[in-house]
Amino acid sequence: MAYSELIKNFNRIRDYMREFYVYGFKSREEYTGKSARSYDDERRRLESWLGDYMHFRQTAEGKNVFISIDSRLSRHNPLFKAWKTKSFTDGDITLHFILFDILSDSESALNISEITGEIDRRLACFSEPRVFDESTLRKKLKEYVSQGLIVSEKKGKVMYYRRSEAAPSLNRDALDYFSEVLPCGVIGSYLLDKGEVRKSCFAFKHHYITGAMDSEVLYSVFTAIREKRSITMETVNRHKDRITENHVIPLKLMVSAQSGRQYLMAYTPRFNRITAFRTDNIISAGPDDVCESYDEFHRKFEEMLPHMWGVCTEKRPGRSLQHVEFTIRYSDEEKHIPGRLEREKRCGTVEHSDNNTSRFFADVYDAGELIPWIRSFICRITDIHFSDSALEERFKKDIEDMYALYGLGGEEQ
Amino acid sequence: MIFSEIYGAYYNTVAAIISEAVSHPVSNEDIRKIIEKHAFGESILTIPEAINAERWQLIKPDGTTPIEGKPTLPLSTLQKRWLKAVACDPRIKLFGDVNFDFPDVEPLFLPEDIIVFDKYSDGDNYEDGEYISNFRLITDAIKNRYPIKVITINRKGKSVCSVLIPDYLEYSEKDDKFRLIAPGHIINLGRIVKCKKSNKPFDIGRVRQSRKKTASVSFELSDERNALERVLLHFAHFEKSVERIGEDRYFVTIKYDNDDETEMLIRILSFGPMIKVTAPGCFIDLIKQRLLAQKSCGQ
């Protein structure tokens, strides 16, 4: 098939964008899962959509392509562009504009033969006018009815169609902001596309933009959560390159503002437990039945929250929690440090022993999740204890390894 | 479906072309300019050809159109559901009357469906009346470019008054705070005590332009315990480059705002021995200072 700038299936480009944006060190030859032509086509498409953000580097292993974006500088997520690339047929686009021109207000409804007559009248000016048969027209109208753009109503035995109510004028500041901070923000971007282009009042710091690529999956997941339905989803294990089908009951979306990862928390009947699924590993999600015991699983999850530092949950009922505690010291000039502990403590507890010493402790399902955060207090940790001795040993060994890395105690690596 | 051609760049481009053509014949040059504004790098190879070959029967050879009115679309169910979810967010109060309520649909999600589990707990109070009116005045001043007088309390408890024209508001989800950015000023909205329109003449020429100083840090990364993915995702929001330099070893360079050096330092420390900073020397010294201080703690 000839190359086209537009695509039919988003999932293919989703993988490439992730690779180019997050990693960006692989050469063409390393994209082993895909054909060389497929790689060339996807790279060319991304170049066409994201132009200025695409970069190239020549290495001994070949030419590397990567996407580099300082998300603090771009007021709108550049990755939204990928969602605006769905392919269509010549008939689709012609019919779309003519149909909405014919159904120009929400007051007047027309039936199929009246619409067909209007289409033919408008297209008569072309040398070889397109002809849309009734079945094509009905199919397209049905599609727009399901999208909420057109309303159908039966009068006697005849179906009439009219356009839905006109869109109210929308607050563009709110769209600028919420399209960047809420899930499925690309929908806000679609709405912004309809108005005049102007500079947004908002910029974003610590802004992770890759979540945008999971929007379709999240739309299905949220719909299921609101309807208390179970879903069937396909997930990929990238390490094992394996795709699995899972039947789960979706409960919450958990978002990390510090790593950009998003997780679906869901009850998995097969394992009889609530677990986290990275949304970027969910390929598709489709609705199943309404779950009778939804509220029970939801309550179970809420009960777990006071012991969740991140997304790790209770592995087995009754399994004991892991305890972690550490003490830090700070000078009189470092009064922001206890403040930092307080605002970052999450489910933990902070006690201020004196003016220069504070102690943090928590009982959690997985104390390993705290380690990166505890390391950020390096230079002031006077005491640390994990109930899991292997974890404590690893923490202390890591610190020793860091000393060695910088030639401060061990043999330099 | 979110991924639909009706929201696509091509449909928007064609809508813009038709909008012109309903009032006057469009030339190839007009079409080219509209494509450049609304579509992608290579769209110029596709859209004019499809129009001129009458594959898309929307523009006649003379540049007029059989379409009678400017193209518009009602809101789709998908758009209404998302807007209704936006209307449920407590931060919506910052924006005044938004008109995002649609009785015929349910919100796509509610605030309680989402937990941002690692944001800081001392975020701004978006329900506070004073905060809301300050926010609205600042966004208005940004759009209409007029000076405002801002009074804050500094760390020593003293009142500080600044007159400025705000450039933009910067939001951090991690901090859950807005900051006002203006030439020579970065002010946390939560610290603003009073904010009002300034009627005094304001000499824009005298104001220093806020140009952020960029710094960079380079490090070697060992891909142990899934560190490659964790590190690259964690630093994904920066401009960066990554090279493989050996089996499970990578060389990463990240550009960041110089003001955020301490934050960058602790973020790098959080990855422990998986990261070894190699440049610049002053950053290595900062790491060493912290490690030496830790050694003196006896742990």
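Please read these numbers as outputs of a predicted model, since none were measured by experiment. (Residues numbered from 1 in each chain as written. Chains lettered and ligands numbered in written order. Predicted model: local features only at pLDDT ≥ 70, side-chain atom pairs only at ≥ 80, totals over all residues.)

## Here's the deal with the packing of helix α1 (residues 10-23) of chain A against helix α2 (residues 36-50) of chain A
For any two helices packed against each other, one specifies the crossing angle of their axes together with the interaxial distance.
Residues and elements named next belong to chain A.
Thinking step 1. Between α1 and α2, whose axes approach to 10 Å, the crossing angle comes to 75 degrees. Considering the angle they form, α1 stands roughly perpendicular to α2. Taking contact as the criterion, the partners of Arg-12, Ile-13, Tyr-16, Met-17 and Phe-20 in α1 are, on α2, Glu-42, Arg-45 and Leu-46.
Thinking step 2. Split into classes, the residues belonging to the contact of α1 with α2 amount to five nonpolar, no polar and three charged. (Axes fitted to C-alpha atoms, helices over the stretch in contact; angles between N-to-C directions. Helix = DSSP H or I, 4+ residues; strand = E, 2+ residues; numbered from the N terminus. Parallel < 35°, antiparallel > 145°, perpendicular 65-115°, else oblique. Contact = placed C-beta atoms within 7 Å. Nonpolar A, V, L, I, M, F, W, Y, C, P; charged D, E, K, R; others polar.)

## Here's the deal with the packing of helix α7 (residues 186-193) of chain A against helix α4 (residues 77-87) of chain B
Thinking step 1. In contact at an axis separation of 9 Å, α7 of chain A and α4 of chain B are set at 115 degrees when each is read in the N-to-C sense. Classified by the interaxial angle, the pair formed by α7 of chain A and α4 of chain B is roughly perpendicular. Relative to α4 of chain B, α7 of chain A is oriented so that their crossing is left-handed. Facing Ile-187, Gly-188, Tyr-190 and Leu-191 of chain A of α7 of chain A, the residues of α4 of chain B in contact are Leu-78, Gln-79 and Trp-82 of chain B. (Left-handed = near helix turned anticlockwise from the far one by under 90°.)

## Some thoughts on the interface of chain B and chain A
Thinking step 1. In this assembly, 101 residues from chain B lie in contact with 112 residues from chain A.
Thinking step 2. Looking at side-chain class alone, the side of chain B that touches chain A contains 52 nonpolar, 23 polar and 26 charged residues.
Thinking step 3. Bridge count between strand β6 (residues 202-205) of chain A and strand β4 (residues 168-172) of chain B: four bridges; the pairing is parallel. By the bridge assignment, Ala-203 of chain A is partnered in β4 of chain B with Glu-170 of chain B. (Pairing = 2+ DSSP bridges.)

## Remarks on the environment of His-385 of chain A
Residue and element names in this part refer to chain A.
Thinking step 1. Considering the arrangement of structural elements, one finds His-385 in strand β15 (residues 381-386).
Thinking step 2. A count of 13 C-beta atoms within 10 Å places His-385 in the partly exposed class.
Thinking step 3. As a C-alpha pair, His-385 and Phe-326 span 59 residues in sequence and 6.2 Å in three-dimensional space.
Thinking step 4. If sequence neighbours within four positions are ignored, His-385 has contacts with Glu-325 and Glu-392. (Buried ≥ 20, exposed ≤ 12 C-beta atoms within 10 Å, placed from the backbone.)

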